[in-house]
Every structure is written in structure tokens, then in C-alpha cells.
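Observations on the three-dimensional arrangement
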Amino acid sequence: MTKDCGSHGGGGGGGTGSRICGTIIGFIIIVLITIFLVWVILQPTKPRFILQDATVYAFNLSQPNLLTSNFQITISSRNPNSKIGVYYDRLHVYVTYRSQQITLRTAIPPTYQGHKEDNVWSPFVYGNAVPIAPFNALALGDEENRGLVSLIIRADGRVRWKVGTLITGKYHLHVRCQAYMNLADKAAGIHVGENAVKYTMASRCSVNV
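Now for a description of the structure that goes with this document. (Residues numbered from 1 in each chain as written. Predicted model: local features only at pLDDT ≥ 70, side-chain atom pairs only at ≥ 80, totals over all residues. Heavy atoms only, no water.)

Notes on the state of the cysteines
Scanning the model with the defined rule gives one disulfide in all. Two residues share a disulfide in this structure: Cys177 and Cys205, whose sulfurs sit 2.0 Å from each other. Its S-S torsion of approximately 105° makes the covalent link between Cys177 and Cys205 right-handed. A residue pair is termed long-range when its members are at least 10 positions apart, and Cys177 in strand 11 (residues 171–181) and Cys205 in the loop between strand 13 (196–204) and strand 14 (206–208) qualify at 28 residues. For Cys205, a relative accessible area of 7% translates into the label buried. (Disulfide = S-S within 2.5 Å. Helix = DSSP H or I, 4+ residues; strand = E, 2+ residues; numbered from the N terminus. Buried < 20%, exposed > 50% of the residue type's maximum accessible area, 1.4 Å probe, protein only.)

Rendered as C-alpha cells:
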């Protein structure tokens, strides 16, 4: 870059071109240092997620190892920062069982979360006749017989941070919420419709950015 700037205009104009190039590089360096210092001073904290509840409309395992499920998940997110906003550019919610995805991904609309603000999302996630591994089918049958099924509600996406008028690049967001549900005993939840049972969780999720 310096060589190109130095040769700009040829002859005596080389010095002027070098000064312009140096000024531009110096300005860029100052901006980057300023962003870094603001970032360090403010010490941004990652968002906090809580799995509030899960309503089960369907959860049926049929042969040969096909799982049909339909959930409505309620997740709340809080921005704990007093001077930093969060842009949720992309966020997908889905369910896994023993590290195997059992529902399709449901997209959450992009949104901005201001200082100390909360957001609540209630997406539907479902999977129709999803093939699952035979050993997972056996484990799921055992858990249902014991009365407690362990699922993981996941939310993956990308976020940006807003500090004043500065907006950072995109960061990967991974949210993991443990959900225990007694699917064998509908009395363990709250009936909210025909064959629909809501299980209250109020459990904090792990968040990685």
C-alpha cells in the first residue's frame, strides 16, 4: 500500500501521495484503537436466556424409529448491559435429543435489544416422522417408561453489539437449554387444549458467544 501511495502522481507528487496514504492509515489505526478501548472499558456481557416453558402438542415414537413432535417453546432473553445494545441478526430455535436434532429449525425475526431490555419469543418447532438412531430410540423409550424425558432446546444465530454509534461485526451465538418433561404423565403439566400440555421450566440456559 505504501509503495502504491508513494508512486501516486509520479515525480514530486510522490511525497504528497505518501503523506495522504500515511494519514489514511493513521486514521484507521486510531479508529480501531478507539473501538478496542471502548470495548475493554465497557466490558460487554453476553445476553442471558431463560427457558420459561414448553407446550407439547405431539410426541410420538413409531416404528421403525420415527419420531413426530410438535412444541411451542417460550424463551426470554435479557441484555444485561447498560451501555451496549444487541442486534439479533439471525436466530434459529430447534430441539435435540442426545445430540441428535429431532425438529426443524424455526427462525426468530431479526430484532434489536436495547440497554437492560428483555425479549420473549414463543416459536413453534416440529418434526414429522424424523428418523432417529436406534440406540437413541431405545434410550427414549426407557426415559418415557421412567417418566422423565430429557431434551435440549437450542438457539443458534449471529449477533452484533452496538456501542454508541459504533456497531461491531457479527458474532456466533449458541444457546443451550435443558428441558425435563414427564411426557408419560400429562398430569405433570398444565392442560392448555386437546392433547396439549404445558410444562413450566423457568431454567437458565447456557450461552456462548
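Next comes the rest of the description.
Focus on the side chain of Thr103
Among the secondary structure elements, Thr103 is positioned in the loop between strand 4 (100–101) and strand 5 (106–108). Polar side-chain contacts of Thr103 include one of 3.0 Å to the backbone nitrogen of Val95. (Polar contact = N/O pair within 3.5 Å; in protein donor to acceptor, adjacent residues only side chain to side chain.)

A short note on the layout of surface pockets
Its boundaries defined by the atoms lining it, the largest pocket holds a volume of some 170 Å³. Lining the largest pocket, in full, are Val56, Tyr57, Ala58, Phe59, Asn60, Glu144, Leu183, Lys186, Asn195, Val197 and Tyr199. Of all the elements in the fold, those that place two or more residues in the lining of the largest pocket are strand 1 (48–62) and strand 13. Looking at the lining of the largest pocket, the element that brings in the most residues is strand 1, giving five residues. For the lining of the largest pocket, a count of residues per class yields seven nonpolar, two polar and two charged. (1 Å grid on protein atoms, 1.4 Å probe; cavity = no way out; pocket = protein on both sides within 12 Å on 5 of 7 lines; lining within 4 Å. Points joined across faces, edges and corners; volume = space filled by probe spheres on them. Nonpolar A, V, L, I, M, F, W, Y, C, P; charged D, E, K, R; others polar.)

Remarks on the pattern of salt bridges
Taken as a whole and judged by the stated rule, the model has four salt bridges. Here Arg98 and Glu143 are joined by a salt bridge, their closest N and O atoms 3.8 Å apart. Residue Arg98 is located in the loop between strand 3 (84–97) and strand 4, and its partner Glu143 is located in helix 3 (residues 134–146); the two are separated by 45 residues in the primary sequence. The class of Glu143 is buried, set by a relative accessible area of 7%. One salt bridge in this structure joins Arg105 and Asp156, with 4.0 Å as the shortest N-O distance. Placement of Arg105 in the loop between strand 4 and strand 5 and of Asp156 in strand 9 (residues 149–163) is noted, with a sequence separation of 51 residues between them. On the accessibility criterion, Arg105 (43% relative accessible area) is partly exposed. Given a relative accessible area of 15%, Asp156 falls into the buried group. (Salt bridge = Lys/Arg side-chain N within 4 Å of Asp/Glu carboxyl O.)

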